[in-house]
Amino acid sequence: MSLSSLSLFPATQAQIIESRRRTFKEWGRSMTEEEYLRRDAEMDNDEHAFNRKLITWVLCSREDPESLEFKCSCETFRRKGLVLRRNSEQPNNDMPEEVTCYAIASVFAPERFRHRGYAKHMMRLLHWVLALSSSLPSTFPEAWGFPPERPIWLAYGHFSALWSDVGHFYQSCGPTTSDSEGWVVRDAISTVWDLKAGDMDVEDVSVSGRGLQWLSAGDVETLHSVDDQRIMVDMAAMSLHSNPGETVLFSFLPGQGVETFQRRRLEHVWRKFKPSVEYWGVVRESKCPTEPGATTATLDKQTSIATWTFDLKPPTLFVTRLRANKETFVDLVSALKFVARKHGMEKIEIWNLPEAHKKIAQDYGAVHMERGEHLPAFKWNGAESPSNVVWLNNEKFCWC
Ligand SMILES: CC(C)(COP(=O)(O)OP(=O)(O)OC[C@H]1O[C@@H](n2cnc3c(N)ncnc32)[C@H](O)[C@@H]1OP(=O)(O)O)[C@@H](O)C(=O)NCCC(=O)NCCS
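Residues numbered from 1 in each chain as written. Predicted model: local features only at pLDDT ≥ 70, side-chain atom pairs only at ≥ 80, totals over all residues. Heavy atoms only, no water.

- As annotated in an unreviewed UniProt entry, the protein carries the name LYC1 C-terminal domain-containing protein and comes from Guyanagaster necrorhizus.

Structure (structure tokens):
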């Protein structure tokens, strides 16, 4: 089928079910198809997805856009993000702006439709519905027919990101026929502790009096909405220290159910743990708060946090969000090791650990490595070149 006879459409309910049936084969893992469909249907009502935040898109014939024989599909999650444009003349006035952005997931073509350029075309068309129109070329490529119809309720995104399991493929999926204007891979770096390899540096930190406070799932959710505010303050401060060529900073925010999604989608895994999981995060208060009246609820800049989820194959505790300083990082690592061991995890993994902590992590048994999967990749919908754009907080919490 010619590419011009196809277009991008928000999926009907029947197409959503069909796309999930297809992806089940790839990502169903230990679930039955029924469990997989039920889990996804339940998560449609979660904060990060409801109210049209989650849209399934299909690449389908223009003649029959509701057909279940669509060529491929993907999902987009509308999210809140922050963008800070640096003003080199008055850097002290740089303030982050809250913007709409998108996370993209579940790009899938069934075997029978693969290697015909369908997934690439779908991803290329996605820019024409998600991106700020000012960032798009003035004309739609003629060879592709008419542009996809943009739902009027869809907000324009200042940036989007995906986590590639197919290398740099998405870089070739730009809004034009050029093969280089798509999503750019950035910092696929993991810090990993292998707990199997005799790392016995574990103590019961629950009683160690290090000023640690365990967090329930509810506490973690509250914490992340406060963290959103903190990230804004940090971003303004970071702008002052970034390199001259770095003209734009952006970040996803962990609140509004975004970090929570990391736990929800793996509930079928950790629900079976014995002992059951009580804690999903830890806070270490500062010993001497510098901000008067600061408490956990206000997350002063001295407060350190780590939140996590669990995955299997191999059993791993994934840190979803980390905020620490040099003094507190070691205590958080002890807490992570304690929790990982308690639940029989073989690994602890952190994405993009700040440089300041890398040496300490190594001293405490970690290795740093470039991942071959889940490569974070972003598309910046602005005039700036990707090399001038900084992705802050490129951590596990925003993965989807
Ligand atoms: C990835 C996928 C969507 C591509 O669909 P498609 O319609 O065949 O894609 P296109 O025809 O537009 O492009 C194919 C190109 O994608 C790239 N590609 C596909 N799978 C790849 C992989 N596993 N690793 C690296 N590149 C890959 C290759 O460059 C391939 O070129 P080829 O056809 O010459 O081999 C499809 O293979 C799929 O659904 N895979 C299983 C699910 C998956 O891994 N999704 C990606 C999650 S990030």
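1. A few points about the overall build of the protein
So, point 1. When helices and strands are tallied, the protein shows 8 helices and 16 strands.
So, point 2. Since a compact globule built from 400 residues should have a radius of gyration of about 21 Å, the 22 Å found for the protein is in line with a globular shape.
So, point 3. Judged by the C-alpha coordinates and their principal axes, the protein covers about 65 × 60 × 35 Å.
So, point 4. The buried share among the 400 residues of the protein stands at 55%. (Helix = DSSP H or I, 4+ residues; strand = E, 2+ residues; numbered from the N terminus. Rg over C-alpha atoms; globule rule 2.2 N^0.38 Å. Buried < 20%, exposed > 50% of the residue type's maximum accessible area, 1.4 Å probe, protein only.)

2. Thoughts on the pattern of salt bridges
Pairing is possible between side chains of opposite charge, provided their charged atoms come close.
So, point 1. Evaluated as defined, the whole model comprises 28 salt bridges.
So, point 2. One salt bridge connects K80 with E98, and the closest N-O pair in it is separated by 3.5 Å. Of this pair, K80 sits in strand β3 (residues 72-85) while E98 sits in strand β4 (residues 97-108); the two residues are 18 residues apart in sequence, bridging distant segments of the chain.
So, point 3. A relative accessible area of 37% places K80 in the partly exposed class.
So, point 4. Classification of E98 by relative accessible area gives partly exposed; the value is 43%.
So, point 5. K358 serves as the salt-bridge partner of E355, at 2.9 Å between the closest nitrogen and oxygen. Residue E355 and its partner K358 are located together in helix α8 (residues 355-363), separated by 3 residues, close to a single helical turn.
So, point 6. Since its relative accessible area comes to 61%, E355 is described here as exposed.
So, point 7. Taking the relative accessible area as the measure of exposure, K358 reaches 17% and is therefore buried.
So, point 8. Three or more residues joined by partner-sharing salt bridges are found here, namely D227, R230, D234, R321, R323 and E395. (Salt bridge = Lys/Arg side-chain N within 4 Å of Asp/Glu carboxyl O.)

3. Some words on the sheet that holds strand β7 (residues 189-194)
So, point 1. Strand order in this open sheet of 7 strands is β8-β10-β11-β12-β13-β7-β14, and the pairing throughout is mixed. The outermost strands of the open sheet, each flanked by one partner alone, are β8 (212-215) and β14 (366-370). This sheet shows a mean twist of 25° between the axes of neighbouring strands, independent of strand direction.
So, point 2. For strand β10 (residues 281-284) and strand β11 (residues 304-311), the ladder comprises 4 bridges, and the chain directions are antiparallel. Following the sheet pairing, R284 is matched in β11 by S304.
So, point 3. The strands that helix α4 (residues 217-241) touches are β8, β10, β11 and β12 (316-323); relative to β12, the one it contacts most, it runs at about 45°. (Pairing = 2+ DSSP bridges. Axes fitted to C-alpha atoms, helices over the stretch in contact; angles between N-to-C directions. Contact = heavy atoms within 4.5 Å.)

4. Section: the nonpolar core
Most often, soluble globular proteins keep nonpolar side chains buried together rather than apart.
So, point 1. With 38 residues, the main nonpolar core has W193, W308, F310 and L317 as its most contacted residues.
So, point 2. Listed in part, the 30 residues of the second largest apolar core include A109, L126, W144 and C173. (Core = buried A, V, L, I, M, F, W, Y, C linked by side-chain atoms within 4.5 Å.)

5. Notes on the packing of helix α1 (residues 13-27) against helix α2 (residues 33-43)
The packing of two helices is summarised by the inter-axis angle and the distance between the axes.
So, point 1. In the contact formed by α1 and α2, the axes pass within 10 Å of each other and the chain directions differ by 120°. Compared by their axis directions, α1 and α2 come out oblique. In terms of crossing hand, the pair formed by α1 and α2 is right-handed. Residues I17, R20, R21, T23, F24 and W27 of α1 form the contact with α2, whose participating residues are E33, Y36, L37, D40 and A41. (Parallel < 35°, antiparallel > 145°, perpendicular 65-115°, else oblique. Left-handed = near helix turned anticlockwise from the far one by under 90°.)

6. With respect to the side chain of D311
So, point 1. With respect to the helices, strands and loops of the structure, D311 is situated in strand β11.
So, point 2. Accessibility expressed as a relative area gives 13% for D311, which makes it buried.
So, point 3. Only 2.7 Å separates the side chain of D311 from the side chain of R29, close enough to count as a polar contact.
So, point 4. Apart from the residues lying within four places of it in its own chain, the contact partners of D311 are R29, L266, T316, F318 and M345. (Polar contact = N/O pair within 3.5 Å; in protein donor to acceptor, adjacent residues only side chain to side chain.)

7. Considerations on the domain arrangement of the protein
So, point 1. If you check the domain split of the protein, you get domain 1 (3-188 + 375-398) and domain 2 (190-216 + 278-370).
So, point 2. Between the C-alpha centres of domain 1 and domain 2 the distance comes to 32 Å.
So, point 3. Listed as interface residues are 9 residues of domain 1 and, on the opposing side, 12 residues of domain 2.
So, point 4. Counting each side, the surface lost to burial between domain 1 and domain 2 is near 1000 Å², with a carbon and sulfur contribution of 48%.
So, point 5. Three residues stand out in domain 1 for area buried against domain 2, namely R29, E395 and K396, and they jointly supply 56% of the buried area on that side.
So, point 6. Put simply, domain 1 and domain 2 have 2 salt bridges between them.
So, point 7. Of the charged contacts, one joins R29 and D311 as a salt bridge, the two residues approaching to 2.7 Å between their closest N and O atoms. (Domains from an automatic or database assignment. Buried area = accessible area lost by both parts, 1.4 Å probe.)

8. Structural notes on the site of the ligand
So, point 1. Near the ligand lie 18 residues; those nearest to it are V107, A109, H115, G117 and K120.
So, point 2. At 2.9 Å from an oxygen atom of the ligand is found a main-chain nitrogen or oxygen belonging to A109.
So, point 3. In this structure, H115 approaches the ligand through a side-chain N or O atom, which is 2.7 Å from an oxygen atom.
So, point 4. Residue assignment for the shell around the ligand shows that the elements contributing at least two residues are α1, β4, α3 (118-130) and β5 (159-164).
So, point 5. Here the residues of the shell around the ligand are counted per class, giving 10 nonpolar, 3 polar and 5 charged. (Near = heavy atom within 4 Å. Nonpolar A, V, L, I, M, F, W, Y, C, P; charged D, E, K, R; others polar.)

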